[in-house]
Each structure stands twice: as C-alpha cells, then as structure tokens.
Amino acid sequence: MAKQPMLKFVTVDRDMPEKRDAEVRNKDFDEIYAEFATVKAEEQASRCSQCGVPYCQSHCPLHNNIPDWLRLTATGRLEEAYAVSQATNTFPEICGRICPQDRLCEGNCVIEQSGHGTVTIGSVEKYITDTAWDKGWVKPVVPNAERAESVGIIGAGPGGLAAADRLRRAGVQVTVYDRYDRGGGLLTYGIPGFKLEKDIVMRRMDQLEQGGVSFKLNCAVGVDLSFADIRAAHDAVIIATGVYKTRDLSGPGSDAEGIVRAIDYLTCSNRLSFGDKVAEFESGELNAEGKKVVVIGGGDTAMDCVRTAIRQGAESVKCLYRRDRANMPGSQRETQNAEEEGVIFEWLAAPKGFEGNPVSGVQVQRMRLGQPDASGRQSPEVIEGADYVEDADLVIKALGFEPEDLPTLWGEADLEVTRWGTVKAEFTTGATAMDGVYAVGDIVRGASLVVWAIKDGRDCADAIIDKLDAVATIAAE
C-alpha cells in the first residue's frame, strides 16, 4: 500500500485576508510594482552563470561589465551595481530600454545558448538605473577642476551627449549646438514614447545642463551659425549630426498625397507626447486613426511606425518587406511585439508604384530570394505575374536613412566624406583630416545603433582630452 503523505496542521488567523487586503490598500501601485521589480531583478541577476568567458560582455559595443553588475544586483547592492554600469555606459537606462539585446548581450548569453532562456540583461539594466534616479544616486557632473579649453559639439543625439558628459567630467567647457528645439536627437523625436519615455531623455538633458554643458538649440549650422564660426570659438569640434535624409521611393505615383516619411510621422507623434500642437496631425496628414496604413521597410524604424499606427487607432496596419523574416534587419523581438499588437507582415513583397492621389493603394510585386552572393546574402528577385494592389490611405516610407551633404550645406569643401556621404574619420578617435575636427556616430558609421554612437562619443572625448593634455604639457615646458 502506498504511503500516505503526512498531514501538517497550522493555526489559521481568520483575520489574515482582511489584514492582507488592508496592507495592499495602504500601498500605491508604485510601491507594489517596485517590490515586484526588485524581486524579479534579483531573480534574473542570480541566474547569471558567471561564466569564464562572458560573451554577453564581449558582444556589447561598450563592453559593459555585465556579470559584475548582475552579481551586485543579485545580492541587493544596487548602488554599487549602478556605479559599475555607469562607468562604461553614459546612458544605461536608455540602452536598457532600446538596445536590441536579442542581437547583442542577451542573444549571446551562455544560458540562452544552452537552451534555458537568457538572463534578461536589458530589463535588469533599466531597473538598476531607474532605482538609482529614484534614490538620488545620480548626480550632476562635477569635475575635479575646471579647464580653460572648450569643445563645440554639433548634434545633441546620443553620440554628442556621451561626448559632452565625458568632456565635462574632465573639466572641459562644452557647448552643444542642435537644430531642434529639444535635445536628444532621435532619442527624443525618432523613437516612440512607448519604447523610450521622453521624461527619461529630458532628465539626462537636465543632468548634463546642471553639470555645466551649454545647449544652443534651434540652431541650424550653415543657416543660423556657420561651421567656421563654431571652429573659431572652440579648441575642438565634434560633428555628431546623425543621418536624417530619408531613402526615397520611385515608381508611378510615388509623390502622391498620403505618402509620408517615417521621420516626419514619428517626430509628429513624439511632439504630441510633449503636448505640442502639430498642424499635420490635426489636418490628418500624419494621423493614422481610422486609416489603412502600409509601412514599407523592415528595420527598427519600420517597427516603430507600425506600432505607433496601431496606437493611433488605424483600421489596419501592414508592413511590406522585400525579403523574408529571417533576413529582416530589424529586431526579431520588435517584430514579435508588432505581430502581437495586430500588425500584418507581408514578406517578400516590394512596392512597384502607387494608385490614386491622395493615395488609395500600393502596387505590390511578389518577390523570391535568389542565389546567395559572395557575402552569402540572397538578393530578392521579382516573381513575374504575381503583382497585386494593397489598399492604403496612408503609406509610410521607412527605408532607412542616409547622410545629408554636409560639405555643401555648411560650405566646407575641405570636409572629406566617403562615397556614401558619411564623414571620413578614424573609428578609434573620430579625428578627421581637418585640424581639431572630429566626427562620431551615424554620420561616420551610417545608420546604426544608439549604443555604437555612445561608444564613439566616449572614445572621441577621451582622444580630445589626451590631445588637450599633450598641448598643455608642451605649452608648460
């Protein structure tokens, strides 16, 4: 006969449910969520195997000391964990939210590779820094000593801001010039608020300003101020403009009303989140509500557009991409999120032309992937006779970004660019052929990740500090 389990008798306090409910009622949502977040962060951090070869760290562009701050988080030493995180990453709360961890640290976690599910590194990174802000551990930059040298930075995006932070910590005087009315670049106007809350970006802007960084906003270089004037005002200049020129569509009807650029659509949506009035939204031009929306492209910007359209109340949202899912350049996690929210993906589909003005449909060509080229990438080929029309009231072009023609816009023929239009600069230091002029981020790399721009900004700042030190040493001799 099977042995029966031993019964355990306990004394029950009949008032326990009422007491528990009263305790819960006395806590607001933030308190309850904070407790839950703490438990989950420590639980996830404790899953780190502390492996001998931390692939998570080696696959992070910033080489963040991920195992170290996971171990500190697992033992509740959050202030130390934040210090370790901040030491290599200027904006860990931003990277924790928007980095494609599935392609970087988390995708290379040894626990993930062994089939047990990755440590949620991004979520823990976000939690650490959010806690640091809540607890008052994040302070304005206070250099040990002020220096007389100054650096001008053109562009208040992640690369420029990372350089500004590093330079101010060394006591260098910093002025950031930006064409927009708010700093942050694409962090502010390109990435939707449901992925990156705008108060998070503005908080960092305030911290930098409190630390002595001077911002000159609504300042378009080449219009309001010349590049030559900026060079004359500073010991060094960093170009961190990013890339904003949209790759365009060709084909019949491509200039029809209702076909818009992704950057315009996302900027409009983000301005609304600040409480700005946007005429193009009020007129319906950049408003997806009640419309059949078609987004063309397969990168992260396309995912931002389709998910924004869903939130604006579109009747339907479809994404056309000329390759298949496996060859999509955007984050697979973002694609999955979009699908869960109701976006329909049309793989191996490319626009051929457009119908109506205002636009009423997209002429779509069915594609197939051909033989791999020398790099192993398969090029899409048209399947003849498989065309169809996709109904659309709003078409959003999300085909990627290219650099603007800075030498022409700024009247600086000596500013060397590559055949792709990016500024020619050393990847290690950001130095260009022009004396005292540096360049970082997307304007050097082409459209890339925020985390790479942060790395470039920090490395460039370090190179400038080294050069200023060398000049000061020679002058003192």
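For the structure given in this document, a descriptive report is provided here. These figures come from a predicted structure and were not determined experimentally.

### Regarding the pattern of salt bridges
Logical step 1: Taken as a whole and judged by the stated rule, the model has 37 salt bridges.
Logical step 2: Among the ionic pairs, Glu106 bridges to Arg333, the shortest N-O distance being 2.7 Å. Here Arg333 lies in helix α16 (residues 332-340) and Glu106 lies in the loop between α6 (92-98) and α7 (110-113), a separation of 227 residues in the sequence.
Logical step 3: With a relative accessible area of 4%, Glu106 lands in the buried category.
Logical step 4: For Arg333, a relative accessible area of 33% puts it in the partly exposed group.
Logical step 5: Ionic pairing is found between Glu346 and Arg366, a salt bridge with its closest N-O pair at 3.3 Å. Residue Glu346 is located in strand β9 (residues 344-347), and its partner Arg366 is located in strand β11 (residues 361-372); the two are separated by 20 residues in the primary sequence.

### Description of helix α13 (residues 262-273)
Logical step 1: Along its 12 residues, α13 runs 17 Å from first to last C-alpha, staying within 8% of the 16 Å computed at 1.5 Å per residue.
Logical step 2: Considered for burial, the residues of α13 that qualify are Ala262, Ile263, Tyr265, Leu266, Thr267, Cys268, Asn270 and Arg271.
Logical step 3: Positive phi shows up at Gly275, right after α13, with a value of about 90°.

### Some details on the sheet that holds strand β14 (residues 394-397)
The strands making up a sheet associate through backbone hydrogen bonding, with each pair oriented either parallel or antiparallel.
Logical step 1: The strand order β6-β14-β7-β8-β9 describes an open sheet built from five strands, whose pairing is parallel. At either margin of the open sheet sits one strand with a lone partner, and together these are β6 (259-261) and β9. Between one strand axis and the next, the sheet turns through 25° on average, direction left out of account.
Logical step 2: Bridging between strand β7 (residues 292-296) and strand β8 (residues 316-321) involves five bridges; their strand directions are parallel. Across the sheet, the residue bridging to Val293 is Val317, located in β8.
Logical step 3: Lying over the sheet, helix α15 (residues 300-311) contacts β7, β8, β9 and β14, oriented at roughly 170° with respect to β8.

### Focus on the side chain of Thr422
Logical step 1: Tracing the backbone shows Thr422 in the loop between α17 (406-410) and β16 (437-439).
Logical step 2: In this structure Thr422 comes out as buried when scored by relative accessible area, which is 6%.
Logical step 3: In terms of polar contacts, Thr422 uses its side chain to reach the side chain of Thr418, at 2.7 Å.
Logical step 4: If near-sequence neighbours (up to four positions away) are discounted, Thr422 is found in contact with Pro403, Glu416, Val417, Asp442, Ile443, Val444 and Gly446.

### A short note on the sheet that holds strand β3 (residues 214-216)
Logical step 1: Pairing is parallel across the open sheet formed by five strands, whose spatial order is β3-β2-β1-β4-β16. Looking at strand neighbours, the two that pair on one side only are β3 and β16, the edges of this open sheet. For this sheet, the mean inter-axis angle between neighbouring strands, taken without regard to orientation, is 20°.
Logical step 2: The sheet contact formed by strand β2 (residues 173-177) and β3 spans three bridges and is parallel. In the strand pairing of β3, Thr175 is matched with Ser214.

Cut-offs used in this document
- Residues numbered from 1 in each chain as written.
- Predicted model: local features only at pLDDT ≥ 70, side-chain atom pairs only at ≥ 80, totals over all residues.
- Heavy atoms only, no water.
- Salt bridge = Lys/Arg side-chain N within 4 Å of Asp/Glu carboxyl O.
- Helix = DSSP H or I, 4+ residues; strand = E, 2+ residues; numbered from the N terminus.
- Buried < 20%, exposed > 50% of the residue type's maximum accessible area, 1.4 Å probe, protein only.
- Expected span 1.5 Å × (residues − 1).
- Pairing = 2+ DSSP bridges.
- Axes fitted to C-alpha atoms, helices over the stretch in contact; angles between N-to-C directions.
- Contact = heavy atoms within 4.5 Å.
- Polar contact = N/O pair within 3.5 Å; in protein donor to acceptor, adjacent residues only side chain to side chain.

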